[in-house]
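What the coordinates show
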Amino acid sequence: MNKKELAHIRKQLKLDHEMLKLFEILNVYIMKDSSEIYHYERQPFALLDREKQELYMGNFKKLLTGELDQKMFELKFQDNAEEPSRELLHQALITGDPDEWHDLMILLVEKMLKDTKYEKDTVVTFVRGQYARPTRVRSEESEESAKDEMFSHPFILCSVNSTEHQRKLLMFDYVERVYNYSVFVDPIIKLNTPEQGFFYPSVTDNYSDVNRVLYCSGKAHEPNLHFVEQVLTAEKSITAIEERAIFEDIVKEVAGEQLDASAIAAVYEEINRVIEENEGEEPARLDFVDVERMLTGSGIENVTREKVERAFETVVDDRNFELKASSVIPKFTSKSIKIDTKVATITISPQDLKYIRQVNYQGKRCIMIEVDEDAVIEGFTLNTETL
């Protein structure tokens, strides 16, 4: 799945969207004390009150919001799982029997409860539906409507949401003009901050891929490994932070611990160029040949293909390992790099890193920043000194 495929699904998550149909919705309430199913309720989505539909749709859209490999993880199913969820989910996807779909989702919840203690009462929401997309791309000159040839993609979406109890409140009664003390005992389901969930099946080249599932984490870079491996029976995925750390270790193995800012900037610029060239396609990946070319082109000395290949084997124990290009660099156009010093913290974008230097001035290390305009501090323009 790439960003465009994920965005296409997310755009359809609107009430009354003509290319989205939601059939049944199933809510399962789990008690924290017993970690057992306390109550479940299944309804046709169309029969819910409009206000409820809007709340759920907001929850689904929030669940699918985030960057791939940071909050969204496309996962392969394990090949030799003892209780594989792939077959369970596939059967739930293709069945036309709402009762069978319901029973299969309850089985999945029971897998969630196994060996897990919930700190809060939790609600697991499943929705069954389908979305549509054109079967082929048309030119702007085509007289055919983009909706003439559509292909429906059935899906199952799961959102896991914790609950919280309202605080004691002091309320003002406009009619009686008195202050009243109120206590709400019913738990509130936190639909605006889903804990985790999944979207099945994933998408590959605009087609449903029943061999993969899109896992959604509530927090960036913090997938729930128990849910991934034991509930979904999927293979663990490397987060973007972990992949960036691997890249940094490989570069250190080849070039050492210390690099000029200009060399780092050149490496980032080359990686960003590769990302832009592959925009809209499968995410660009870097093998040891690509990394060797980038390091050599960035002016780093004594780089050889053999050294880079050995670095891959040392760090990840696999010379054929491929790094996802978008994961190994910070966001290129935003101030995503932080330089911490005892005196100040400087934030800068990778594309501006080439203007940074660490220099030795009168026996002291200094950070030098090249600027095109006068620096202004609290309304005062700094004098320019000549060193």
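The structure this text deals with has already been given above.
Okay, so let's go over this structure. (Residues numbered from 1 in each chain as written. Predicted model: local features only at pLDDT ≥ 70, side-chain atom pairs only at ≥ 80, totals over all residues. Heavy atoms only, no water.)

1. Quick look at the overall build of the chain
Looking only at helices and strands, the chain features 9 helices and 20 strands. In terms of overall dimensions, the chain has a C-alpha envelope of 75 × 60 × 55 Å along the principal axes. Buried positions account for 38% of the 387 residues belonging to the chain. Of the contacts formed within the chain by residues at least 6 apart in sequence, a portion of 64% connects residues at least 24 apart. Surface accessibility of the chain: about 23500 Å² in total, with carbon and sulfur atoms responsible for 47%. Side-chain charges of the chain comprise 49 positive and 73 negative groups, with the mean position of each set lying 3 Å from the other. (Helix = DSSP H or I, 4+ residues; strand = E, 2+ residues; numbered from the N terminus. Buried < 20%, exposed > 50% of the residue type's maximum accessible area, 1.4 Å probe, protein only. Contact = heavy atoms within 4.5 Å. Areas by Shrake-Rupley, 256 points an atom, 1.4 Å probe, with all protein chains shown as cover. Lys, Arg positive; Asp, Glu negative; His and termini not counted. Charge placed at Lys NZ, Arg CZ, Asp CG, Glu CD.)

2. Let's talk about a nonpolar patch on the surface
Taken together, L170, F172, Y174, V175, Y179 and Y181 make up a surface patch of nonpolar side chains, about 840 Å² in accessible area. Elements supplying a minimum of two residues to the nonpolar patch: β6 (169-173) and β7 (178-182). Its location among the elements puts F172 in strand β6. According to the relative accessible area criterion, F172 is partly exposed, its value standing at 39%. (Patch = residues over 30% accessible without salt bridge, like charges linked within 9 Å, V, L, I, M, F, W, Y side chains within 5 Å. Salt bridge = Lys/Arg side-chain N within 4 Å of Asp/Glu carboxyl O.)

3. Observations concerning the packing of aromatic side chains
Tallied over the entire structure, the rule returns 11 aromatic pairs. Measuring from centroid to centroid gives 6.3 Å for Y131 and F199, while their planes differ by 45°, and the two rings are tilted. Of this pair, Y131 sits in strand β4 (residues 122-134) while F199 sits in strand β9 (residues 196-200); the two residues are 68 residues apart in sequence, bridging distant segments of the chain. Judged on exposure class, the residue Y131 and its partner F199 are both buried. (Phe/Tyr/Trp six-rings, centres within 6.5 Å; stacked < 30°, edge-to-face > 60°.)

4. Looking at helix α6 (residues 240-255)
Given a rise of 1.5 Å per residue, 16 residues ought to cover 22 Å, and the 22 Å separating the end C-alpha atoms of α6 matches this to within 8%. Along α6, the positions that sit buried rather than exposed are A240, E243, I246, F247, I250, V251 and V254. Looking straight down α6, one finds that the buried residues subtend no more than 130° of arc, so they occupy a single side. Looking at the buried residues of α6, the elements they touch are α7 (261-277), β13 (285-286), α8 (288-297), α9 (305-316) and β14 (323-324). Directly beyond the C-terminal end of α6, a positive phi value near 95° is found at G256. (Expected span 1.5 Å × (residues − 1). Arc of directions from axis to C-beta.)

These values are about where atoms sit, not about what they do.
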